[in-house]
Amino acid sequence: MLSSIEKKIKISVVCPTHNSARYITRAISSIFHQDEGPDQLIFCDDGSVDNTVPILQDWIQKFSDRDTEMIVKKFPHQGPGATRNHGIALASNPWIAFLDSDDTWEKVKLLRVRTEIEKSEQKNFVLHWEKKIYSDGRQSLMRHGEEYKNESSISRLLYKKNIFSTSAVVCRRELLQNLGGFDPTLPNAQDYDLWLRASDQMKLLVIPEVLGHCFDEADSISARPYANRYKSRLRVAWRHRKKGRSMECYLKFGKILFSRQWFV
């Protein structure tokens, strides 16, 4: 029997994949074992040439048995921005939760998000903390949005530093649609660009709890050569330069231009 919260707060989960066979079972298992599952689950594949899609298809009946609609669609390779946009277009519920194929959620994630939305119905953007797990086994706590205060400017704070992680975001579908979704012309930083575009309309709710795990996977859908990330970050910084003060813009460009990743 569904709880009153689950009946009211309808969530579609959008998960893009690209050659994710090595770890996709880890991600989908974390969705399957939610205390209160999603109302819709959408996997959009970005032209995988491995077993990602067959692995996903094996789960369709399992979710159907739990009254969760699971959609698996394969598209030509276009990059993570376009792939997430396909998922948004297929979503049928008012709220969208993103999960990258190499990340996982705590089993209470969707229940906690629904509970907090129920208490703060005016909010349209939800963020929670994560634990980052590195390939060598190290872990670190990612307190996303810890710096945010209700009276502070989200736009300016976000321009100085990306406080969001895509797998820790749940937001109103209407907000994403009004903004036109992710920019598919950016090979990287499409999420950061979208959050900056959304910031003027954002009513942010931060849940200061670890509800997910972010894995450091070199071959994830968002991983690209650093030169591409460098160009994307510069484009995003320039595009949204009016959201920061002059000195903040100079500092941001300086950090990008002299990033230590060029020298490591």
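Residues numbered from 1 in each chain as written. Predicted model: local features only at pLDDT ≥ 70, side-chain atom pairs only at ≥ 80, totals over all residues. Heavy atoms only, no water.

Asker: Would you mind going over the overall build of the chain with me for this structure?
Answerer: The secondary structure content of the chain amounts to 11 helices and 9 strands. Taking 18 Å as the expected radius of gyration for a compact globule of 264 residues, we find that the chain reaches 18 Å, a close match to that expectation. Projected onto its principal axes, the C-alpha positions of the chain cover 55 × 45 × 35 Å. Among the 264 residues that make up the chain, the fraction classed as buried is 53%. Considering only intrachain contacts with a sequence separation of at least 6, the fraction spanning at least 24 residues in the chain is 82%. Of the roughly 12,500 Å² that the chain leaves accessible, carbon and sulfur atoms contribute 51%. In the chain, which carries 41 positive and 33 negative side-chain charges, the distance between the mean positions of the two groups comes to 7 Å. (Helix = DSSP H or I, 4+ residues; strand = E, 2+ residues; numbered from the N terminus. Rg over C-alpha atoms; globule rule 2.2 N^0.38 Å. Buried < 20%, exposed > 50% of the residue type's maximum accessible area, 1.4 Å probe, protein only. Contact = heavy atoms within 4.5 Å. Areas by Shrake-Rupley, 256 points an atom, 1.4 Å probe, with all protein chains shown as cover. Lys, Arg positive; Asp, Glu negative; His and termini not counted. Charge placed at Lys NZ, Arg CZ, Asp CG, Glu CD.)

Asker: Can you walk me through the packing of aromatic side chains in this structure?
Answerer: Describing an aromatic ring pair means giving the distance of the ring centres and the angle of the ring planes. Applying the stated criterion to the full structure yields 8 aromatic pairs. The interplanar angle of 80° and the centroid separation of 5.6 Å between the aromatic rings of Phe 98 and Phe 182 together place this pair among those described as edge-to-face. Note that Phe 98 is positioned in strand S4 (residues 95-98) and Phe 182 in the loop between helix H8 (173-179) and helix H9 (190-198), a separation of 84 residues in sequence. When its relative accessible area of 1% is taken as the criterion, Phe 98 is described as buried. By relative accessible area, Phe 182 is classed as buried at 1%. Geometrically, the ring pair formed by Phe 182 and Trp 195 is edge-to-face, given 5.9 Å between the ring centres and 70° between the ring planes. Of this pair, Phe 182 sits in the loop between H8 and H9 while Trp 195 sits in helix H9, placing them 13 residues apart in sequence. According to the relative accessible area criterion, Trp 195 is buried, its value standing at 0%. (Phe/Tyr/Trp six-rings, centres within 6.5 Å; stacked < 30°, edge-to-face > 60°.)

Asker: For this particular structure, what's the right way to read the pairing of strand S9 (residues 204-215)?
Answerer: Within a regular strand, side chains alternate between the sheet's two faces. Pairing between strand S5 (residues 104-105) and S9: 2 bridges, direction antiparallel. Counted as the bridge partner of Thr 104 is His 213 from S9. Examined bridge by bridge, strand S6 (residues 125-133) and S9 share 9 bridges and lie parallel to one another. Bridged to His 128 within S9 is Ile 207. (Pairing = 2+ DSSP bridges.)

Asker: What is the right way to look at unusual backbone geometry in this model?
Answerer: Across residues other than glycine, the phi torsion is negative in most instances, and most of the peptide bonds are trans. At Asn 19, a position not held by glycine, the phi torsion is positive, near 50°. Note on Asn 19: relative accessible area 25%, which makes it partly exposed. You will see that Asp 67, though not glycine, has its phi angle at about 65°, which is positive. One can find Asp 67 in the loop between helix H4 (60-64) and strand S3 (69-75). When its relative accessible area of 72% is taken as the criterion, Asp 67 is described as exposed.

Asker: Which parts of the structure should I look at to understand helix H5 (residues 80-90)?
Answerer: Three or four residues apart is the spacing at which side chains of an α-helix point the same way, because the helix has 3.6 residues per turn. Of all 11 residues that make up H5, 8 are buried, and the element is covered over most of its length. Of all the positions in H5, only Pro 80, Gly 81, Ala 82, Thr 83, Arg 84, Asn 85, Gly 87 and Ile 88 are classed as buried. Taken together, the buried residues of H5 touch strand S1 (11-17), strand S2 (40-46), S4, H8 and H9.

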